[in-house]
Amino acid sequence: MHYYKFNIGDYASHTQHLDPIEDIAYRRMLDWLYLNEMPLPEDIDDIARLIRMRTHSESIAIVLREFFHSHSDGYTHPRVERE
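Remember, predicted model here, so these are calculated numbers, not experimental data. (Residues numbered from 1 in each chain as written. Predicted model: local features only at pLDDT ≥ 70, side-chain atom pairs only at ≥ 80, totals over all residues. Heavy atoms only, no water.)

### Re the pattern of salt bridges
If you walk through the whole model with that rule in mind, you get two salt bridges. A salt bridge links Arg 27 to Asp 31, with the shortest nitrogen-to-oxygen separation between them at 4.0 Å. Taken as a pair, Arg 27 and Asp 31 lie in helix α2 (residues 20-36) at a separation of four residues, close to a single helical turn. Ionic pairing is found between Arg 79 and Glu 83, a salt bridge with its closest N-O pair at 2.7 Å. The exposure class assigned to Glu 83 is partly exposed, which follows from its relative accessible area of 44%. (Salt bridge = Lys/Arg side-chain N within 4 Å of Asp/Glu carboxyl O. Helix = DSSP H or I, 4+ residues; strand = E, 2+ residues; numbered from the N terminus. Buried < 20%, exposed > 50% of the residue type's maximum accessible area, 1.4 Å probe, protein only.)

What follows is the structure in structure tokens.
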């Protein structure tokens with residue numbers, strides 16, 4: 001999928017507590033899921049490489065725990081799965 005609706009108000013209301021690095025990690029992971037239509041890898045360092053944030057694994061882990069679901073084949077996001 002190369003296009004998805006983005007509701008700025010909904011996003012802001014759910015993410016206003018994130019610091020800037022966590023916020024960009026979240027957006028990049030969402031974009032990666034929509035673009036590739038498959039789960040993010042299980043390994044956080046692999047995710048960090050895919051979203052061009054290799055030095056921010058801790059922030060990525062925080063976002064994964066809060067917003068994503070872990071499965072045997074990697075991480076998914078509920079809204080991305082629905083769409």
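### Remarks on the side chain of Ser 59
For Ser 59, the position within the fold is in helix α4 (residues 57-67). The buried category is assigned to Ser 59, whose relative accessible area is 13%.

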